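Summary of structural features
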Amino acid sequence: MEKKKVDLLVGNTSEVVTCKSGGYALKGEAMREANVFKEAWFAIDRGMIVALGTQSDIDSRFESDSFVDAGGMSIIPGFVESHTHLVFAGNRINEFELKIRGAEYLEILQAGGGIHSTVKATRDASEQSLFERASSNLQLLRRAGVTACEVKTGYGLDTESELKMLRVIKRLASEFEMTVIPTFLPAHAIPIEMKNRDDEYTELICSEMIPKALSEWGEIEYKLRGAVNGIFIDVFCEKGAFSLAQSKRVIETASNLGFGIKAHVDEFTNLGCAGYAIEKGAVSIDHLDHTSDREIRMLSESNTVGVVTPGVNFNLGSCDFADARKLIDYGCAVALSTDYNPGSSPCPSPSMIMAIACRYQKLLPSEALNAFTINGAAALGAESFLGSLEEGKFADFLILETDDFREICYEFGSNPVRAAFRKGIAI
């Protein structure tokens, strides 16, 4: 039989951890199975995986001028980061010290600190300087094994500054060897100049910002489940931020224009937005520290992914984490995220987040890996082409510094990634 010529063959692995799902998020007990293929080889052509099997099987069917030798190490899918705020200026080091001394997040926010200090710095920054800083932040994630990344606006909180951030995200998407997916988040906080005018600011978001964002983003690069126009809307439904009624207004307006839906919910208090977002077909609801049993049951019966962000709790010095174990045991699809941002989670390391999740949220290493790969992709509506090593998907994969993938959760504080590839090209 004549061999098919392909762009790349990959072999000499200890294992290929496929996180195979058949194109869907993994739920409940299915999250325990990472689908490990011992000593597997795979073939890549035009950036896509075309076959995975034993050495003899792949070698008998394919040939290539290029070969990646895994050196007897483990291969896993590239990490899919589903929740970041990496476009910003300034830092929050002073706030870090205040938190150590016992100040609460909402207390700092109400005093004009927290997100408001980042908003001021971001508004004052040029578009070029924001791009340079965001590029550095994205590079940190890429070095840690992220091959696909969601990036939010949300530190502008006025029309021009939010659109400036969106243009930075668009440039990241065009210039970086990563899959970059945008989320529009002007409903992140009420800006200082609109204090006590929450409804007025909500109306500005709906009548002006959302339509302009759609025009600014323009072309659709990836077909994403739930996001007709290739972009998501997000809202922070929380005391001191947006009420349930205001959140519904933002979600309804954007949904009618073809935006996909994501929502920050139940981080500090439960205002009921989780259930509403699920009913509206949200691809994800994020944080979930105080989600009710009724809403957890709704989540388990839906296609919405629950994204938990243990780096936030760790950064706050709290041992009270979202109950990811309960979510999985109820049959929910759970994803993990760094929530990389300058205030509540300045952590660009998926492996560190996975280590925290295993220890404090009682996830098994296989569950943590699925949560940061295939379920991260599903939290972006991208599970049809990202998040697992299966035929017909992007050849996004990592060669680890270990022959057992579980070590990336067992050991913490180091970078377990030897090499990263996106669409079969080293990045």
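Report follows, based on the coordinates. (Residues numbered from 1 in each chain as written. Predicted model: local features only at pLDDT ≥ 70, side-chain atom pairs only at ≥ 80, totals over all residues. Heavy atoms only, no water.)

Quick word on the pairing of strand β15 (residues 284–287)
Note that strand β14 (residues 260–265) and β15 share four bridges and pair parallel. From the neighbouring strand, Lys262 faces β15, where its bridge partner is Ser284. In terms of handedness, the path from β14 via helix α9 (residues 273–279) over to β15 forms a crossover that is right-handed. (Pairing = 2+ DSSP bridges. Helix = DSSP H or I, 4+ residues; strand = E, 2+ residues; numbered from the N terminus. Right-handed = clockwise from strand over helix to strand, strands pointing away.)

Re the packing of helix α7 (residues 198–217) against helix α8 (residues 244–256)
Where α7 contacts α8, the axes come no closer than 10 Å and their chain directions differ by 5 degrees. Here α7 is positioned roughly parallel relative to α8, judged by the angle of their axes. Packed against α7, whose contacting residues are Asp198, Asp199, Thr202, Glu203, Ile205, Cys206 and Ile210, the element α8 presents Gln246, Arg249, Val250, Thr253 and Ala254 at the interface. Among the residues forming the contact of α7 with α8, the class breakdown is five nonpolar, three polar and four charged. (Axes fitted to C-alpha atoms, helices over the stretch in contact; angles between N-to-C directions. Parallel < 35°, antiparallel > 145°, perpendicular 65-115°, else oblique. Contact = heavy atoms within 4.5 Å. Nonpolar A, V, L, I, M, F, W, Y, C, P; charged D, E, K, R; others polar.)

Examining unusual backbone geometry
Positive phi, normally seen in glycine, also occurs at His287, with a value near 100 degrees. In this fold, His287 is placed in strand β15. On the accessibility criterion, His287 (2% relative accessible area) is buried. (Buried < 20%, exposed > 50% of the residue type's maximum accessible area, 1.4 Å probe, protein only.)

A look at the sheet that holds strand β4 (residues 36–38)
Within a sheet, adjacent strands bond to each other through the backbone by hydrogen bonds, running parallel or antiparallel. If you walk across this open sheet you meet the six strands as β4-β3-β9-β18-β19-β20, and the pairing is mixed. Looking at strand neighbours, the two that pair on one side only are β4 and β20 (425–426), the edges of this open sheet. Bridge count for strand β3 (residues 15–17) against β4 is three bridges, and the pairing is antiparallel. Across the sheet, the residue bridging to Val16 is Phe37, located in β4.

Examining the sheet that holds strand β13 (residues 232–237)
Strand order in this open sheet of eight strands is β10-β11-β12-β13-β14-β15-β16-β17, and the pairing throughout is parallel. Since the sheet does not close on itself, it has two edges, and those belong to β10 (79–81) and β17 (334–336), each with one partner. Sheet twist, expressed as the average angle between the axes of neighbouring strands with direction ignored, equals 25 degrees.

Overview of helix α6 (residues 159–175)
With 17 residues, α6 extends 24 Å from end C-alpha to end C-alpha; this agrees with the ideal 24 Å at 1.5 Å per step. Residues of α6 that are buried include every one of Thr159, Ser161, Glu162, Leu163, Lys164, Met165, Leu166, Val168, Ile169, Leu172 and Ala173, and no others. Residues of α6 that are buried in the fold lie against α4 (115–124), α5 (127–143), β11 (146–152), β12 (179–187) and α7. (Expected span 1.5 Å × (residues − 1).)

Focus on the nonpolar core
Counting 98 residues, the largest nonpolar core has Leu86, Val87 and Leu336 as the members making the most contacts within it. Setting aside anything within four residues of it in sequence, one finds Leu86 in contact with Ala134, Asn137, Leu138, Leu141, Cys149, Val151, Leu172 and Tyr340. Core analysis: the next-biggest nonpolar cluster, separate from the first, contains 17 residues, Leu8, Val10, Val68 and Phe397 among them. (Core = buried A, V, L, I, M, F, W, Y, C linked by side-chain atoms within 4.5 Å.)

Comments concerning the packing of α6 against α7
At a closest axis distance of 10 Å, the pairing of α6 and α7 adopts a crossing angle of 25 degrees. One way to sum up the angle between α6 and α7 is to call them roughly parallel. Considering only the axes of α6 and α7, their crossing is right-handed. Every residue of α7 that contacts α6 at Thr159, Glu162, Leu163, Leu166, Arg167, Ile169, Lys170 and Ala173 is listed here: Leu204, Glu208, Met209, Lys212, Ala213, Glu216 and Trp217. Its residues assigned to classes, the contact of α6 with α7 shows eight nonpolar, one polar and six charged. (Left-handed = near helix turned anticlockwise from the far one by under 90°.)

Structural notes on empty space enclosed by the protein
Enumeration over the complete set of coordinates arrives at three cavities of 30 Å³ or more. Lining the second largest cavity are Ala173, Val180, Ile181, Pro182, Trp217, Glu221, Tyr222, Leu224 and Gly230. Sort the elements by how many residues they give to the lining of the second largest cavity and β12 lands first, with three residues. Here the lining of the second largest cavity is built from residues that sort into seven nonpolar, one polar and one charged. (1 Å grid on protein atoms, 1.4 Å probe; cavity = no way out; pocket = protein on both sides within 12 Å on 5 of 7 lines; lining within 4 Å. Points joined across faces, edges and corners; volume = space filled by probe spheres on them.)

Some points on the environment of Gly387
Positionally, Gly387 belongs in the loop between α15 (374–378) and β18 (397–400). C-alpha of Gly387 to C-alpha of Gly114: the two residues are 273 residues apart in sequence and 33 Å apart in space.

Points about the packing of aromatic side chains
A complete count under the given rule lists nine aromatic pairs for this structure. Aromatic pair Phe42 and Phe397: ring centres 5.2 Å apart, planes at 90 degrees, arrangement edge-to-face. Within this pair, whereas Phe42 is found in strand β5 (residues 41–45), its partner Phe397 is found in strand β18, the two being separated by 355 residues in sequence. Neither residue differs from the other here; Phe42 and Phe397 are each classed as buried. An angle of 55 degrees between the planes, with centres 5.1 Å apart, marks the rings of Phe385 and Phe394 as tilted. Relative accessible area serves as the criterion here: at 10%, Phe385 is assigned to the buried category. When its relative accessible area of 10% is taken as the criterion, Phe394 is described as buried. (Phe/Tyr/Trp six-rings, centres within 6.5 Å; stacked < 30°, edge-to-face > 60°.)

So, the pairing of strand β19 (residues 417–422)
In the sheet, β18 pairs with β19 via four bridges, with the strands oriented antiparallel. Opposite Ile399, over in β19, you have Ala419 as the bridge partner. Two elements, β19 and β20, share two bridges in a ladder whose sense is antiparallel. Bridging across to β20, Arg422 finds its partner in Ile425.

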